[in-house]
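If you want the building blocks of each chain, they are given just below.
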Amino acid sequence: MGSIPLLLENCMGVLQLYSDGTTFRSDKIQFPMSIVSDDSVLFKDCVFNKQLDLHLRLYKPTSPSKAKLPIVVFIHGGGFCVGSRLWPNCHNCCLRLASGLSALVLAPDYRLAPEHRLPAAVDDGVSVMQWLQVQALGENSDPWLNVERVDFDRVFVMGDSSGGNIAHHIAVRLGAGSTQLESVRVRGYILMAPFFGGVERTRSEEGPSEGMLNLEILDRFWRLSIPVGENRDCTLANPFGPASLCLEPVALDPILVIVGSNELLKDRAKDYVKRLKDMGKTVEYIEFENKEHGFFTNNPYSDVGTEVIGVIKMFMSESALLS
């Protein structure tokens, strides 16, 4: 008789990793928010990568628009280990983005660690952009992505937490002008408290824990997601690590970084913006006082959520003129 596998890692009961290499993902999650009913937005699901069986959810405003809708690609968070387009926080956030920005929103899933360690999630983020290019070229395109209804010349990539990390890597891979994506033009990137790491601790990481996030959880996500044998200074975790690509010669489209003042990831976000600004990149930093990780995605219909929508709307307008 074999021994009973030991529990090695437990991510808030949502994901558990055992000593025999097996993983357990719970489908009975108690979310602190309910699904919003917003009749101003329609949504549906479709496949964007048949080989990997990856899906995305499309959102569009119900009210007809005389102008073409800009496209917002929203990449969910979860430390690369948990999360889904189906989770209430992601769904509610995308509803709010579609209605508040008058945009067509794409919310893709991506492969999760530890079953699929990085760079799998980044590769999937690039894959959804390539899917969008297929839609723009009219090759079996979805009716919601008709070139007469949406503006493939005004695409914005937005990521929350680990999704913000993915958005950064998409920006680097595509470069300014997204010239690799014929008929698709990314105008800017919005990073919500991007999940970056590093071996050396920052002051905010060592500071007080957040209500739903602490340093132990952050470290666990990194242990489970980075390539085997790497540490938190690997290029997929730390954009400015010792082995990371030098970003100075890399042309980047405008970037907006949004954080809460009480976030553990705040200092890494501030350092990211400072370094890019020193390199002459177009990057903006917005900090919301007394807010913790996920303050927008977990409550997008709040007063602060409305402020965030306003900030993003202005960024989209200004970026379209700059690019």
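Calculation criteria
- Residues numbered from 1 in each chain as written.
- Predicted model: local features only at pLDDT ≥ 70, side-chain atom pairs only at ≥ 80, totals over all residues.
- Heavy atoms only, no water.
- UniProt positions renumbered as here; feature names shortened; annotations may be inferred.
- Pairing = 2+ DSSP bridges.
- Helix = DSSP H or I, 4+ residues; strand = E, 2+ residues; numbered from the N terminus.
- Axes fitted to C-alpha atoms, helices over the stretch in contact; angles between N-to-C directions.
- Buried < 20%, exposed > 50% of the residue type's maximum accessible area, 1.4 Å probe, protein only.
- Contact = heavy atoms within 4.5 Å.
- Polar contact = N/O pair within 3.5 Å; in protein donor to acceptor, adjacent residues only side chain to side chain.

Looking at an unreviewed UniProt entry, the protein chain carries the name Alpha/beta hydrolase fold-3 domain-containing protein, with the source organism given as Erythroxylum novogranatense. Quoted verbatim from the Sequence similarities (unreviewed entry) field of UniProt, the annotation for the protein chain is "Belongs to the 'GDXG' lipolytic enzyme family."

Visitor: How should I be thinking about the sheet that holds strand S2 (residues 15-18) in this particular structure?
Guide: Where strands meet in a sheet, backbone hydrogen bonds hold them as pairs that are either parallel or antiparallel. The strand order across the open sheet formed by three strands is S1-S2-S3, and the pairing between neighbours is antiparallel. Edge positions in the sheet fall to strand S1 (7-11) and strand S3 (23-25), since each has one partner strand and no second. For this sheet, the mean angle separating the axes of adjacent strands, direction not counted, is 15°. Here four bridges tie S1 to S2, and the two strands are oriented antiparallel to one another.

Visitor: Can you help me understand the side chain of histidine 169 in this one?
Guide: If you trace the backbone, histidine 169 turns up in helix H3 (residues 162-174). We classify histidine 169 as buried; its relative accessible area is 12%. With residues up to four places along the chain from it excluded, the contact list for histidine 169 reads Val122, Thr235 and Leu236.

Visitor: Could you clarify how one ought to interpret unusual backbone geometry in this entry?
Guide: The general pattern is negative phi for most residues beyond glycine and trans for most peptide bonds. In this structure, proline 114 follows alanine 113 across a cis peptide bond, with omega equal to 5°. In this structure, proline 114 sits in the loop between strand S7 (104-108) and helix H2 (120-136). With omega at 15°, the peptide bond leading from leucine 118 into proline 119 counts as cis. In this structure, proline 119 sits in the loop between S7 and H2.

Visitor: So what exactly am I meant to see when it comes to helix H5 (residues 215-225) here?
Guide: Every α-helix winds through 3.6 residues per turn, so residues three or four apart in the chain are directed the same way. Within H5, eight of the 11 residues are buried, which leaves it mostly tucked inside the rest of the structure. Looking at H5, one finds that the buried residues are Ile217, Leu218, Asp219, Arg220, Phe221, Trp222, Leu224 and Ser225. Of the surrounding elements, those touching the buried residues of H5 are S1, S2 and H3. For H5, the side-chain oxygen to backbone nitrogen distance between the N-cap and glutamate 216 is 3.1 Å, and the N-cap itself is asparagine 214.

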